[in-house]
Amino acid sequence: MGGCVSISVPCDQTLSQVGRCLSQKASYIRKLQENVGTLQTATQELKDLRDDLLTRVTLEEEKGQRRLATVQRWLSNVETIESQVNELLLASGTAEVSRSFRSRFEYGKKVFKKIKEVNNLKSRADFKVMAERVPRSKVEERLIYPVVGMTAMTEKVFSSLMEDEVGTLGLYGMGGCREEWKHIKEEEKASEIKKMLKGKRYMLLLDDIWSKVEIQRIGFPSPTRMNRCKVVFTTRSKEVCSEMRVDVEMEVKCLASDEAWELFRMRVGDLTLESHPDIPEAARIIAEKCYGLPLALNVIGETMSSRKTIQEWSHAQDVLTSFAADFSCMQDKILPILKFSYDNLKDEMFRKCLQYCALFPEDYEIEKEELVEYWICEGIIDGNKDRDKAKNHGYEIIGTLVRACLLMEYEHTEFLKMHDMVREMALWITADLGKKKESFIVKTGSGLSHVPVVQDWSVVQKMSLMGNEIEKINACPYGTKKLATLFLQNNKLVSISERFFQWMTELKVLDLSSNESLTQLPADIAKLVALQYLNLSSTGIEVLPFGIKYLTKLIHLNLEFTHKLKSVVGISNLLSLQVLMLFESNIPLNNGLVEEELKSLEHLKLLTLTLKDAFVMERLLSIHSLGNFTRHLSLDKCIPNAVRISLVAAGSSAAPSGHEDRPLQHMKSPNPMYFRSLTRVDIVNCEGLRDLTWLMYAPSLTNLHVEMSFQTEEIISREKVMKIDGEKFTTPFLKLESLSLVFLYAVKSIYWSPLPFPALKYLKIRRCPELRKLPLDSASAKGCDLVLDAYKECLRDVEWEDEATKNRFCPT
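Keep in mind the model is a prediction, meaning the values are calculated, not measured.

Caption draft 1: Summary view of the overall build of the protein. Helices and strands together make up the secondary structure of the protein, namely 26 helices and 25 strands. Within the protein, buried positions represent 49% of all 812 residues. Once local pairs closer than 6 in sequence are excluded, the contacts in the protein between residues at least 24 apart make up 63%. Summed over all atoms, the accessible surface of the protein reaches about 40200 Å², with 50% contributed by carbon and sulfur.

See the structure below:
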């Protein structure tokens, strides 16, 4: 049998080997839980070794040494196995693992194998040498220019980059804020970065990016805590920071006043500044016109460095004030750079919305809601189908413009601001890059006493004369068929000529607000057949003109704070009206007005008003749509029957017989969204109003002021809430930002238990001697920086929920 080999193995040895093999495999299942615990412990020990090694390696690298490749390879292996262990442990409780013998066996086998791998890595962690000296690189020494005003920002960036957790850092800001950095050549940047991070891992700098950059595609690994790589980029869009999934984002803001002057002074030079005693003052004024933008400070400063007569400086000041685009170098070196951000906007609608913001004066606080109303009524945003969707679209546009650093948002407020250089850029664009200056005529806060002379009214699309001294308008503009917006608010208007509006057949937005001496409108307002927005708030208007009934496209009418207005007869003809604002107007609201005028406005979506008669309010709120769309409500000197309000809110049609002048019992539960649009309530000097429980059904309420209502005992009555809703009531005041209670001598309770008040920023308690307990605990108004406006002696008498609450709201 020449091809055969016989091997004799003792039987007991074979059985022993088989037994050990079977025993080990059986342990995959029998010791599964024990092995999982062993794996967790071993992995944690490995991570501890990794952290200790990283600390030691970092110390060596800070001395200028470079970590060894073997050390980096070990660290990378730890990172890989840590990820694998995490995935394995996450699978331990899955149904697949626990369902069958086979799956448990396979899982146990993987756990056993991974324990060996972890222990193997642990055994190789004892590095005697971790780093080596880096050969001195041949770096060319270059002069780095000082970056004025950026020291603090540079230090902040460097500090963040030194944190292991920070892999990607984004710097965003409006165009021109990074101008100083751009003066430095690419090789100088690389040299500076290399020197700053000597002995560290690499850092990638991406300058002025407009969209997400896939760094892996260009050969760079993603920054991690392990590889300690860094990516820094600059952009004009905050959205890019989100797309790049940065660990830290920083806004590069314009320079402060002192820093701006120092940069401007350096660019002009002392020789020029000292050439005439009046030049320094003129220079400071011109520097202020740059509004802290380094791009403008550099360019204008260098331009003015050769102008050594006061006349030249005065002329420059005049040009920058009237139409800055006419200033030499502005159209060549400043505005085109800012225009990149404008051109990068999504579409023409966003650009038109930005242009509209240029109609407001310099440094003007633009109210967001008002701005969106202008956009809708001008037709930039389509509001014909769904007003709520149109408003949401408007706020989305605002957010986009803010993130593009073309508008600035006041923190935690409803106001915006436009940087003056961005404003100049927008006006330059609307003037067709300076070629057609009369298309947008903006003369705000210029001290004008009359409407400026216009050479060609047929090209005028928008005119803003806000904040001037105009008393009389005698002009009769001809051919104004393109004029869509006219701002005349905050002047001193007394009269408007009868033919002023005659040719403005395409005018859509007319704002005459804050002209207290304006008592009447000309009859030719009837010619404004395309008008959609009319603001007469804070004027001295006494009666609405007869011709207002012809404004059939009007959707927004603001008559707030018209203390001389006697009647609104005729508004029932405004069948397209969606917004009617009567807050603090002097209109004698009565049942006739409600029935004949307001009820006919079928498309009304928003109403503000002041009431002095509870019967009128009962009638008003019985028209369900009016209750739903009332946003601001003022109850002023209401008669004793004001207690009927609670009944109306409860959905009952009449007071219980014989109890009209007593505290009312609610008859049934109201719709919890009954006052769904109500955001502001002012109640002053109302008799017979025992409580304000109906406010439980105003979920959007942000401001509540109650004053001199001497019979009010509770804001929210627990007894009435329980009778209406039982235990299913909703928590009130979730959006309340301001609560003011003044001269309420009988009030004993706001609410019977602590409330979260997640939005409350201001709480005023004055002259409420019976109010001993506030609905606050230590968790109320968290993160709101609540201002508690009350006398210290009153706060000392408060019965606080606990010591923690007292310490938070009444520190000693």
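Having put the structure on the table, let's press on.
Caption draft 2: Examining the sheet that holds strand S8 (residues 408-409) more closely. Read from one edge of the open sheet, 3 strands run S7-S9-S8, paired in antiparallel fashion. Each edge of the open sheet carries a strand with a single partner, namely strand S7 (366-367) and S8. In terms of strand pairing, S8 meets strand S9 (residues 415-417) through 2 bridges, oriented antiparallel. Opposite Met 408, over in S9, you have Lys 417 as the bridge partner.

Caption draft 3: Highlighting the nonpolar core. Among the nonpolar cores identified, the biggest contains 101 residues, and Leu 580 and Trp 694 are the most heavily contacted of them. Membership of the second largest hydrophobic core comes to 78 residues, among which are Val 268, Ile 334, Ile 397 and Ala 426.

Caption draft 4: Structural view of the packing of helix H13 (residues 294-304) against helix H15 (residues 330-343). Packing of H13 against H15 leaves a shortest axis separation of 10 Å and a crossing angle of 175°. Comparing their axes, H15 and H13 come out roughly antiparallel. Every residue of H15 that contacts H13 at Leu 295, Ala 296, Val 299 and Ile 300 is listed here: Met 330, Lys 333, Ile 334 and Ile 337. Tallied by class, residues from the contact of H13 with H15 come to 7 nonpolar, no polar and 1 charged.

Caption draft 5: Examining helix H19 (residues 420-430) more closely. Taken across its 11 residues, H19 has 11 buried, putting it largely inside the fold. Of the residues making up H19, those classed as buried are Asp 420, Met 421, Val 422, Arg 423, Glu 424, Met 425, Ala 426, Leu 427, Trp 428, Ile 429 and Thr 430. Positive phi shows up at Asp 432, right after H19, with a value of about 55°.

Caption draft 6: Structural context of the pairing of strand S24 (residues 762-766). Residue alternation in S24 divides its side chains into a buried set, Leu 763 and Ile 765, and an unburied set, Tyr 762, Lys 764 and Arg 766. In this sheet, S24 lies alongside strand S23 (residues 738-742) in parallel orientation, the contact comprising 5 bridges. Paired with Val 742 across the bridge in S24 is Arg 766. Here 4 bridges tie S24 to strand S25 (residues 787-790), and the two strands are oriented parallel to one another. Within S25, the position partnered with Lys 764 by the bridge is Asp 789.

Caption draft 7: Representation of the packing of aromatic side chains within the structure. Under the criterion given, the structure shown has 19 aromatic pairs. Judged by centre distance (4.0 Å) and plane angle (25°), the rings of Tyr 751 and Trp 752 are stacked. Judged by relative accessible area, Trp 752 falls into the partly exposed class, the value being 24%. With 6.4 Å between their ring centres and 10° between their planes, Trp 800 and Phe 809 make a pair best called stacked. The two residues Trp 800 and Phe 809 agree in class, both being buried. Grouped by ring-pair contacts, the aromatic residues Tyr 356, Phe 360, Tyr 364, Tyr 374, Phe 487 and Tyr 533 constitute a single cluster.

Caption draft 8: Layout of the side chain of Thr 693. On the secondary structure map, Thr 693 appears in the loop between strand S21 (680-684) and strand S22 (703-707). Residue classification places Thr 693 among the buried positions, given a relative accessible area of 0%. A distance of 2.7 Å separates the side chain of Thr 693 from the side chain of Asp 691, its partner in a polar contact. A distance of 3.0 Å separates the side chain of Thr 693 from the backbone nitrogen of Ser 717, its partner in a polar contact.

Caption draft 9: Local environment of H13. Taking burial as the measure, the 11 residues of H13 include 10 buried ones, the bulk of the element. Of the positions making up H13, those classed as buried are Pro 294, Leu 295, Ala 296, Leu 297, Asn 298, Val 299, Ile 300, Gly 301, Thr 303 and Met 304.

Caption draft 10: Structural detail: the environment of Met 203. Looking at the secondary structure, you find Met 203 in strand S4 (residues 203-209). You can call Met 203 buried: its relative accessible area is 15%. The spacing of Met 203 and Val 231 is 28 residues in sequence and 5.5 Å in space, taken between C-alpha atoms.

Caption draft 11: Spatial organisation of the environment of Gln 711. The residue Gln 711 is located in the loop between S22 and helix H24 (718-725) in this model. Of the residues examined, Gln 711 reaches a relative accessible area of 38% and is grouped as partly exposed. C-alpha separation for the pair Gln 711 and Ala 746, spaced 35 residues apart in sequence, amounts to 5.9 Å. Contact partners of Gln 711, with chain neighbours within four places excluded, come to Glu 687, Gly 688, Leu 689, Arg 690 and Ala 746.

Caption draft 12: Main features of the pairing of S4. With 5 of its 7 residues buried, S4 lies for the most part within the structure. The pairing of S4 with strand S5 (residues 230-235) spans 5 bridges and is parallel. Each bridged residue has a counterpart across the sheet, and for Met 203 the counterpart in S5 is Lys 230.

Caption draft 13: Just the pattern of salt bridges, in detail. A full pass over the atoms with the stated rule returns 28 salt bridges. Across the pair Asp 363 and Lys 417 runs a salt bridge, and its minimum N-O distance is 3.2 Å. Separated by 54 residues along the polypeptide, Asp 363 in the loop between helix H16 (348-357) and S7 and Lys 417 in strand S9 bring together distant segments of the chain. Three or more residues are tied together by salt bridges with common partners; here these are Lys 47, Arg 50, Asp 51 and Glu 82.

Caption draft 14: Just the confidence of the model for the protein, in detail. For the protein, per-residue confidence averages 81 on the pLDDT scale, and 80% of positions sit at 70 or higher. Per-residue pLDDT stays below 50 along residues 647-670; that stretch engages in 42 contacts with residues further than four places along the chain or on separate chains.

Caption draft 15: Local environment of unusual backbone geometry. Backbone geometry places Cys 405, a non-glycine residue, at a positive phi of 60°. Among the structural elements, Cys 405 can be located in the loop between helix H18 (387-403) and S8. Classification of Cys 405 by relative accessible area gives buried; the value is 10%.

Caption draft 16: Structural view of the packing of helix H12 (residues 279-289) against helix H14 (residues 310-322). Running from N to C, H12 and H14 point in directions that differ by 20°, and their axes come no closer than 10 Å. Overall, the two elements H12 and H14 adopt an arrangement that is roughly parallel. Pair H12 / H14 crosses with left-handed handedness. Across the interface between the two elements, Ile 279, Ala 282, Ala 283, Ile 285, Ile 286 and Lys 289 from H12 touch Ile 310, Trp 313, Ala 316, Gln 317, Leu 320 and Thr 321 from H14. In terms of residue class, the contact of H12 with H14 is built from 9 nonpolar, 2 polar and 1 charged.

Caption draft 17: Main features of the side chain of Ser 717. Take Ser 717: it is sitting in the loop between S22 and H24. Beyond its immediate sequence surroundings of up to four residues, Ser 717 is in contact with Asp 691, Thr 693 and Trp 752.

Caption draft 18: View of the environment of Leu 510. Relative to the elements of secondary structure, Leu 510 occurs in strand S15 (residues 509-511). Here the alpha-carbon distance between Leu 510 and Leu 486, two residues 24 residues apart in the chain, equals 5.1 Å. Sequence-distant contacts of Leu 510, defined by excluding residues within four places in its chain, comprise Leu 486, Phe 501, Leu 528, Leu 531, Tyr 533, Leu 534 and Asn 535.

Calculation notes
Residues numbered from 1 in each chain as written. Predicted model: local features only at pLDDT ≥ 70, side-chain atom pairs only at ≥ 80, totals over all residues. Heavy atoms only, no water. Helix = DSSP H or I, 4+ residues; strand = E, 2+ residues; numbered from the N terminus. Buried < 20%, exposed > 50% of the residue type's maximum accessible area, 1.4 Å probe, protein only. Contact = heavy atoms within 4.5 Å. Areas by Shrake-Rupley, 256 points an atom, 1.4 Å probe, with all protein chains shown as cover. Pairing = 2+ DSSP bridges. Core = buried A, V, L, I, M, F, W, Y, C linked by side-chain atoms within 4.5 Å. Axes fitted to C-alpha atoms, helices over the stretch in contact; angles between N-to-C directions. Parallel < 35°, antiparallel > 145°, perpendicular 65-115°, else oblique. Nonpolar A, V, L, I, M, F, W, Y, C, P; charged D, E, K, R; others polar. Phe/Tyr/Trp six-rings, centres within 6.5 Å; stacked < 30°, edge-to-face > 60°. Polar contact = N/O pair within 3.5 Å; in protein donor to acceptor, adjacent residues only side chain to side chain. Salt bridge = Lys/Arg side-chain N within 4 Å of Asp/Glu carboxyl O. pLDDT = per-residue confidence, 0-100. Left-handed = near helix turned anticlockwise from the far one by under 90°.

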